Amino acid sequence: MNSSHSLFRPPAEARSLIIRIQDGCPWNRCTFCGMYKGVNGRFRSMEEIELGIDAARKQYPSARRIFLADGDVMAIPFDPLAAVLGMLNDRFPRLARVNLYANGHSILRKTDGELRTLKRLKLSTLYMGLESGHEPTLRAARKRETAAEMVEAGQRAQAAGLKMSVMVLTGLGGRKNRVAHAAATADALNRMQPRLLSALRVIPIPGTELHAEEQAGTFQQLTEYEAMEELRNMIAGLELESTVFRANHSSNILPMEGRFPKDRPRLLEELDALLASGHLDANAPGAPPLSL
């Protein structure tokens, strides 16, 4: 579907058919996020959505995976969201699953029965940014939800049969809160037990409030060494029963992936080796990722 602003998707959705049914993000206040700045958030009309779905069907009639954009499609009320999923099931006979971005607040607004119905309509994976389990860090970042609310949202979604793909941001607490941020985030993840977990490193982007805070000296970005030490401490605190973990986003210093609990010792060994290697700059938070 054509649009005058950029479209965003998770890396795992690179091979999915992407259909935009929402513009922007209905919250759009997080200090670290520049994805939807200047975009007026709105749910597109059912007429617009149906035209877009029909256009997509003509080009990709055999699509099996669909990603619904944009920033928090789960915020759409249950009835129209169910209607959109029903439309997709009617138009794409080979459809296997539909994925989307979802904030904790939007998940909690759905009843357990509604979540189960969305699952039956082939909604599969919800991508949610936990970012941190540390309340002062969440409040400073202007996240809408508390850590407890996001944990509850993840638990309820997975109890309904949906998969949670959760993102955390290393460095979001800055140098002041890096120890507490790592520990509290590990605790929140242990309570949520997401099926998929991605760790990204926070990079203050020009035009965001976080970048302005860094320029003003009220936010101190972690050095390379501190960022990897924080990730190491977070992983050391994880007690996940069945989770696929990835830290292979371009923001990360060392690409990593594995499966918990099996690969936890290996991931810690890799991080310990890197921390002891002398390859990390203790004074260069903005350096590019390493290839070791």
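Throughout what follows, the structure given in this document is the object of discussion. Residue numbering note: each chain is counted from 1, following its sequence as written. Residues qualify for local features only when their pLDDT is at least 70, as the model is predicted, and side-chain atom pairs are given and counted only at 80 or more; totals for whole chains, interfaces and linings, by contrast, use all residues. Side-chain measures were taken over the full set of non-hydrogen atoms in the model, leaving aside hydrogen atoms and water.

Below, the discussion takes up the sheet that holds strand β6 (residues 123-131). Ordered by their spatial adjacency, eight strands build an open sheet running β1-β4-β5-β6-β7-β8-β9-β10, and the pairing between neighbours is mixed. Looking along the sheet, the strands with just one partner apiece sit at the ends: β1 (17-20) and β10 (256-260). Neighbouring strand axes in the sheet, compared pairwise and without regard to direction, differ in orientation by 20° on average. At least two bridges found by DSSP between two strands is the condition for calling them paired. In DSSP terms, a helix is any run of H or I states spanning at least four residues, a strand is any run of E spanning at least two, and both are numbered starting from the N terminus. Inspection of the sheet shows strand β8 (residues 196-201) paired to strand β9 (residues 243-247) by three bridges, in the parallel sense. Lines fitted to C-alpha atoms define the axes, with helix axes restricted to the stretch in contact, and inter-axis angles between N-to-C directions lie between 0 and 180 degrees.

Across the junction of Ala69 and Asp70, the peptide omega takes the value 25°, indicating a cis bond. Within the fold, Asp70 resides in the loop between β4 (65-69) and α2 (78-91). The linkage connecting Phe260 with the following residue, Pro261, adopts the cis geometry, with an omega of 5°. Positive phi values are uncommon outside glycine, yet Asn28 reaches one of about 55°. Position of Asn28 among the secondary structure elements: in the loop between β2 (22-23) and β3 (42-43). Under the relative-accessibility criterion, Asn28 is labelled partly exposed at 23%. At Lys122, a residue that is not glycine, the phi angle is positive and equals roughly 80°. Only protein chains enter the calculation, and the probe is 1.4 Å; a residue is then buried if its accessible area is under 20% of its type maximum, exposed if over 50%, and partly exposed in between.

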